Amino acid sequence: MSFDIRETRLRNDFKRVRELVERSELIHILTTDGDPPERYHFRFTCRGVENLNGDKPIYRDVHEVSIYLHAEYPLKQPQMKWLTPIFHPNIHITGAV
């Protein structure tokens, strides 16, 4: 039996993600890729700022992000990309976090 640290971590992360989704009405898993999953597509249903119109915020209630747990995960941070427009100082206009 081989012991793969990354696979174990991915399985544990998936279990935690499912537990979080079960406890929350705000987070939804739309798709996953891999077994165990290394790619996630999430939907968040909460109010956030999509953009600004002059000095007034434009709000959005549904947000989608993708998360990729690449080959160097967990030694290096996952890749996260915002798929819907969002106005945030830590998120590039392309959606890169």
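Going by the structure above, here's the rest.
All values derive from a computational prediction rather than experimental measurement.

(A) Region of the structure containing the pattern of salt bridges. Taken as a whole and assessed by the stated rule, the structure comprises nine salt bridges. In this structure, the salt-bridge partner of Arg6 is Glu38, at a minimum N-O distance of 3.0 Å. Of the two residues, Arg6 is situated in helix α1 (residues 5–23) and Glu38 in strand β2 (residues 37–53); the sequence distance between them amounts to 32 residues. Judged by relative accessible area, Glu38 falls into the partly exposed class, the value being 24%. Linking Glu50 and Arg60 is a salt bridge whose minimum nitrogen-to-oxygen distance equals 3.6 Å. On the criterion of sequence distance, the pair formed by Glu50 in strand β2 and Arg60 in strand β3 (residues 56–68) is long-range, its members being 10 residues apart. Residue classification places Arg60 among the partly exposed positions, given a relative accessible area of 22%. The network of salt bridges with shared partners includes Glu7, Arg11 and Asp35.

(B) The nonpolar core, seen in detail. If you look at the biggest cluster of nonpolar residues, it comprises 12 residues: Leu10, Phe14, Val17, Ile27, Tyr40, Phe42, Val65, Ile67, Leu69, Tyr73, Trp82 and Ile91. For this core, the secondary-structure elements that each account for two or more residues are α1, β2 and β3. The leading source of residues in this core is α1, at three residues.

What counts and how
- Residues numbered from 1 in each chain as written.
- Predicted model: local features only at pLDDT ≥ 70, side-chain atom pairs only at ≥ 80, totals over all residues.
- Heavy atoms only, no water.
- Salt bridge = Lys/Arg side-chain N within 4 Å of Asp/Glu carboxyl O.
- Helix = DSSP H or I, 4+ residues; strand = E, 2+ residues; numbered from the N terminus.
- Buried < 20%, exposed > 50% of the residue type's maximum accessible area, 1.4 Å probe, protein only.
- Core = buried A, V, L, I, M, F, W, Y, C linked by side-chain atoms within 4.5 Å.

In short, the description is geometric, and any link to function would need to be established separately.
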